[in-house]
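Below, each chain spelled out in residue letters.
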Amino acid sequence: MTHPTTAPEDQPSTSPNYHYMGLPGARAMLTNASAETYANLVTTLNADAGKGAIMCIHGGVGLGKTFAVNSHLDDLAPHTTLRIKVGSAKIQALRAALYKKLDLPGEAPLNSTRCEAILKETLSDTPRVLVVDEAQWLDTRAFEFIRELWDDEDTRLAVVLVGAETCYQKIKNRPALDSRILVWQRYKPLTPAEVLAVIPQYHPMWSDVPADDLLWIDDLACHGNFRQWAKITYLLNEAALNPPPSSSVAPTRPDRPGAGPAYSRDLVRAVLSRIDPTQRHTG
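Residues numbered from 1 in each chain as written. Predicted model: local features only at pLDDT ≥ 70, side-chain atom pairs only at ≥ 80, totals over all residues. Heavy atoms only, no water.

Trainee: Explanation requested: the overall build of the chain in the structure shown.
Mentor: Across its full length, the chain carries 11 helices and five strands. Counting across all 283 residues of the chain, residues that qualify as buried make up 48%. Counting only carbon and sulfur atoms, one obtains 52% of the accessible surface of the chain, whose full area is about 14100 Å². (Helix = DSSP H or I, 4+ residues; strand = E, 2+ residues; numbered from the N terminus. Buried < 20%, exposed > 50% of the residue type's maximum accessible area, 1.4 Å probe, protein only. Areas by Shrake-Rupley, 256 points an atom, 1.4 Å probe, with all protein chains shown as cover.)

Laid out in structure tokens, this is it:
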């Protein structure tokens, strides 16, 4: 399974918009964790003379795991990636989802032996990358099914398991699967230094915001969580694009008539009150 290894920043601009709520103007940022994911994917996809290996990415919600995997695989394996987001822990749902992703005719056979034989035969034709998101919800039989697919001597399958913190221990409790995972990666919140390096480039909204304010917002509400930053950015961007008839929290920018409220801490507090009205945001 040979894949191109071009740098992440060279990804085509035609990739799907994976940003939270399709946030206009947002840029894909190569954080330290995302760069590590890219390297890990290259290793996993090219392992075992191209057959592919299994890797697992785990960590808290909203840290950018799925975004990094999806955007990097758009570069590394744009035509061979099968993405499944687990909606049920049961193996039947996993088999049916994979059957559909492979564009096989009709519905997945109810007979498990027949269905698995078809899936393995199809996965032997072309190198594939199977991404299973929210993998922490899988039950024991579903995990074993993934291991069996990868173990089959004829399949050419790299597997990327993406899950919450609990995914790590669930797999560690299954030694047969655990022993086959080549690469582990744990996502952690952005550090304050990463916030200052990444957020001003992430969206034009933050390009001129003072560093002290970025750290204030991170300490008050985001705590290094990229999805939380995305929520705040989305709501601030909405305020800029669709300002209220009269704004008591911030004047409009004189250099951009009609651009909506200018950035201010009061505007941020108003946005935070929409995200969590039970909290009093001061400072």
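Trainee: Hey, could you run me through the environment of Tyr99 in this one?
Mentor: Structurally, Tyr99 can be placed in helix α3 (residues 91–101). With a relative accessible area of 6%, Tyr99 lands in the buried category. Spatially, the C-alpha atoms of Tyr99 and Glu116 are 9.2 Å apart, while their sequence positions differ by 17 residues. Ignoring anything within four residues of it in the chain, the contact list for Tyr99 reads Leu104, Pro105, Gly106, Glu107, Ala108, Pro109, Cys115, Ile118 and Leu119. (Contact = heavy atoms within 4.5 Å.)

Trainee: How do you make sense of helix α10 (residues 226–241) when you look at a structure like this?
Mentor: Because each turn of an α-helix spans 3.6 residues, side chains separated by three or four positions end up pointing in the same direction. For α10, which comprises 16 residues, the first-to-last C-alpha distance of 22 Å matches the rise-based estimate of 22 Å (1.5 Å per residue) to within 8%. All of the buried residues along α10 are Phe226, Gln228, Trp229, Ala230, Ile232, Thr233, Leu235, Leu236, Asn237, Ala239 and Ala240. The backbone nitrogen of Arg227 has a side-chain oxygen 3.0 Å away, supplied by the residue at the start of α10, namely Asn225. (Expected span 1.5 Å × (residues − 1). Polar contact = N/O pair within 3.5 Å; in protein donor to acceptor, adjacent residues only side chain to side chain.)

Trainee: What is the right way to read the nonpolar core from this model?
Mentor: When a protein is soluble and globular, its nonpolar side chains tend to lie buried together. In this structure, Leu98, Leu119, Val132, Leu138, Leu161 and Ile171 are the most contacted members of the largest nonpolar core, which totals 32 residues. Contributions of two or more residues to this core are made by β1 (54–59), β2 (81–85), α3, α4 (112–122), β3 (128–133), α5 (140–151), β4 (157–163) and α6 (165–172). The dominant element in this core, judged by the number of residues it contributes, is α5, at six residues. Among residues more than four places away in sequence, those in contact with Ile171 are Cys56, Phe143, Leu161, Leu177, Asp178, Ile181 and Trp184. (Core = buried A, V, L, I, M, F, W, Y, C linked by side-chain atoms within 4.5 Å.)

Function-wise, these values are silent; they only describe arrangement.
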